[in-house]
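Results of the structural survey
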Amino acid sequence: KAVVSTQSTGAKEMRSRYGKERVVCTDIRKPPKIVLQSGPYRYANILNKNGLEEILVEHRIDQVVHFSALLSAVGEQNVTLALQVNIEGFHNIIDLCKIHELKLFCPSTIGAFGPETPKNPTPDLTIQRPKTIYGVSKVYMELLGEYYHHRYGLDFRSARFPGIISATTPGGGTTDYAVQIFYDAIETGHHECFLEPDTRLPMMYISDCIQSVIQMTECSEEELRQRTYNIAAFSFTPAEIVAEVQKYVPLTVDYKVDKARQRIASTWPQVLEDSNARRDWGWNPEFTLEKMVPYMLQKVQGQLHSEQVIKQLF
């Protein structure tokens with residue numbers, strides 16, 4: 001199995017599983033040292049179809065895991081770029097996967113739902129009327145992937161992710177507060193939250209996210225009864241994660257609500273119903289909120305220490 005991962009998400013885990021030379025990571029930025037040293041890395045702009053095709057052919061790729069996207073809040077600030085990256089870029093990817101008969105996994109999102117969607121719980125098949133360009137582009141992705149599967153036999157798979165929590169610096173999403181709170185807890189002991197304290201949203205720890213990708217891409221075609229699945233781990237409010245963090249470190253919070261992000265969050269599900277993924281391909285997350293918080297504090301502490309060492313060196 002030879003895999004291309006756009007944006008390098010899950011590189012460590014996939015290289016450990018498939019072999020470091022069999023997972024090619026791509027991005028438009030200089031990669032982290034761990035990605036560069038652990039296996040092949042190629043510059044790839046997803047808007048350059050010929051450049052993408054060159055990588056797929058040269059490395060004899062069997063499967064594409066396509067993470068590259070402009071997220072919800074950033075997308076609202078630059079709709080034209082979001083259309084290019086999230087729609088034109090995806091179209092390049094899926095068309096090349098059709099031409100070269102590759103398996104394609106592309107994540108979807110809770111942002112693919114809208115205010116008319118049932119919020120608690122939100123089923124797999126329901127009303128999807130998103131109010132952000134990010135959400136609109138992901139609904140397009142889901143439907144085009146399903147169309148390519150039925151029309152051309154493309155092995156397309158997608159999972160609707162909740163907010164993903166990792167020690168990586170936040171990248172412009174509506175759930176970013178749930179990452180920033182750990183940095184603030186360690187660095188200053190004070191967090192300014194841009195969502196209201198009772199805003200409940202589905203979330204997931206990064207290791208469960210990566211495991212779900214591996215699990216879903218490895219299951220047989222026969223196990224999949226649909227092309228896009230909800231997957232869930234836990235849901236919480238800002239007030240609940242604050243209380244959990246305070247069990248380990250001192251933390252004060254001010255709620256300075258960002259109207260744009262709050263408006264987006266209020267249209268999203270509170271709880272994702274994922275019984276189909278659990279039944280069809282055995283989805284079962286490891287992390288709860290209570291288990292995740294001490295892990296995240298430790299990971300962020302390590303990340304900040306590494307950054308400090310680099311600053312001292314230079």
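In what follows, the accompanying structure is described. Every chain is numbered on its own, with residues counted from 1 as its sequence reads. Given that this is a predicted model, residues contribute local features only at a pLDDT of at least 70 and side-chain atom pairs are listed and counted only at 80 or more, while totals for whole chains, interfaces and linings are drawn from all residues. Computation of side-chain values: all heavy atoms of the structure, hydrogens and water removed.

1. A short note on the pairing of strand 10 (residues 201–205)
A 1.4 Å probe rolled over the protein chains alone gives each residue an accessible area, and that area as a share of the maximum for its type sets the label: buried under 20%, exposed over 50%, partly exposed in between. Counting from the N terminus, the helices are DSSP H or I runs at least four residues long and the strands are E runs at least two residues long. Across the five residues that make up strand 10, a large majority, five, are buried. Burial of the side chains of strand 10 extends over both faces: Leu201, Met203 and Tyr205 are buried on one face and Pro202 and Met204 on the other. The sheet contact formed by strand 8 (residues 163–165) and strand 10 spans three bridges and is parallel. Each residue of the ladder has a partner; that of Ile164, found in strand 10, is Met204. Strands qualify as paired when DSSP identifies two bridges or more between them. Bridge analysis of strand 10 against strand 12 (residues 234–236) gives three bridges, and the strand direction is antiparallel. Bridged to Pro202 within strand 12 is Ser235.

2. Side note on helix 3 (residues 49–58)
Taken as a whole, helix 3 has its buried residues at Leu52, Ile55 and Leu56. Buried residues of helix 3 fall within an arc of 95° about the axis and therefore sit on the same side. Contacts: residue pairs with any heavy atoms within 4.5 Å of one another. Where the residues of helix 3 are buried, they touch strand 1 (3–6), strand 2 (23–27), strand 3 (41–43), strand 4 (63–66) and helix 5 (79–100). Pairing of N or O atoms within 3.5 Å defines a polar contact, subject to two protein rules: one partner must be a possible hydrogen donor and the other a possible acceptor, and residues neighboring in sequence count only if both atoms are side-chain atoms. With a side-chain oxygen positioned 3.3 Å from the backbone nitrogen of Asn50, the residue opening helix 3 is Asn48. In the segment just after helix 3, Arg60 is the residue with positive phi, at about 50°. Working note: the arc is built from the helix axis to C-beta atom directions.

3. A closer look at the side chain of Asp176
Tracing the chain through its elements places Asp176 in the loop between strand 8 and helix 7 (177–187). The buried charged residue Asp176 lacks any salt bridge partner; its closest oppositely charged side chain belongs to Arg261, at an N-O distance of 4.1 Å. There is a polar contact of 2.8 Å between the side chain of Asp176 and the backbone nitrogen of Gly173. With residues near it in sequence (within four places) discarded, Asp176 still touches Pro170, Gly171, Phe194 and Arg261. We treat Lys and Arg as the positive residues and Asp and Glu as the negative residues; His and chain ends play no part in the count. Counted as salt bridges are all cases of a side-chain nitrogen of Lys or Arg within 4 Å of a carboxyl oxygen of Asp or Glu.

4. Remarks on the pairing of strand 2
Across the five residues that make up strand 2, a large majority, five, are buried. Pairing of strand 1 with strand 2, which is carried by four bridges, proceeds in the parallel orientation. Along strand 2, the bridge assignment pairs Ser5 with Cys25. In terms of strand pairing, strand 2 meets strand 3 through three bridges, oriented parallel. When the sheet's bridge partners are listed, Thr26 is paired in strand 3 with Arg42. Looking down the strands as they point away from you, a crossover is right-handed if its path from the first strand over the helix to the second goes clockwise. Once you follow strand 2 into helix 2 (residues 33–38) and on to strand 3, the crossover reads as right-handed.

5. Focus: the packing of helix 1 (residues 11–18) against helix 8 (residues 206–218)
To obtain each axis, a line is fitted to C-alpha atoms, and for helices this fit is confined to the stretch in contact; angles are then taken between N-to-C directions over 0 to 180 degrees. Taken N-terminus to C-terminus, the directions of helix 1 and helix 8 make an angle of 40°; their axes are 9 Å apart at the nearest point. Comparing the axis directions of helix 1 and helix 8 gives the class oblique. Every pair of crossing elements has a handedness; the one defined by helix 1 and helix 8 is right-handed. Each of Glu13, Met14, Arg17 and Tyr18 in helix 1 lies in contact with helix 8, whose residues at this interface are Ile210, Ile214, Thr217 and Glu218. When residues are sorted by character, Ala, Val, Leu, Ile, Met, Phe, Trp, Tyr, Cys and Pro go into the nonpolar class, Asp, Glu, Lys and Arg into the charged class, and all the rest, Gly among them, into the polar class. Its residues assigned to classes, the contact of helix 1 with helix 8 shows four nonpolar, one polar and three charged. Each angle is binned into one of four classes, with values under 35 degrees roughly parallel, values over 145 roughly antiparallel, values of 65 to 115 roughly perpendicular, and all other values oblique. For a crossing to be left-handed, the near helix must be turned anticlockwise from the far one by less than a right angle; the clockwise case is right-handed.

6. Notes on helix 5
The length a helix should cover is 1.5 Å for every residue beyond the first. Compared with an ideal rise of 1.5 Å per residue, which puts 22 residues at 32 Å, helix 5 spans 31 Å between its outermost C-alpha atoms and is within 8% of the ideal. When helix 5 is considered as a whole, its buried residues turn out to be Ala82, Val85, Asn86, Ile87, Gly89, Phe90, Asn92, Ile93, Ile94, Asp95, Leu96 and Cys97. Of the residues trailing helix 5, Glu101 is marked for its positive phi of about 55°.

7. Comments concerning the side chain of Asp27
Mapped onto the secondary structure, Asp27 falls in strand 2. No salt bridge is formed by the buried Asp27; its nearest oppositely charged neighbour, Arg29, is found at 4.2 Å. In contact with Asp27, not counting residues within four places along its chain, are Gln7, Tyr41, Arg42, Tyr43 and Ala44.

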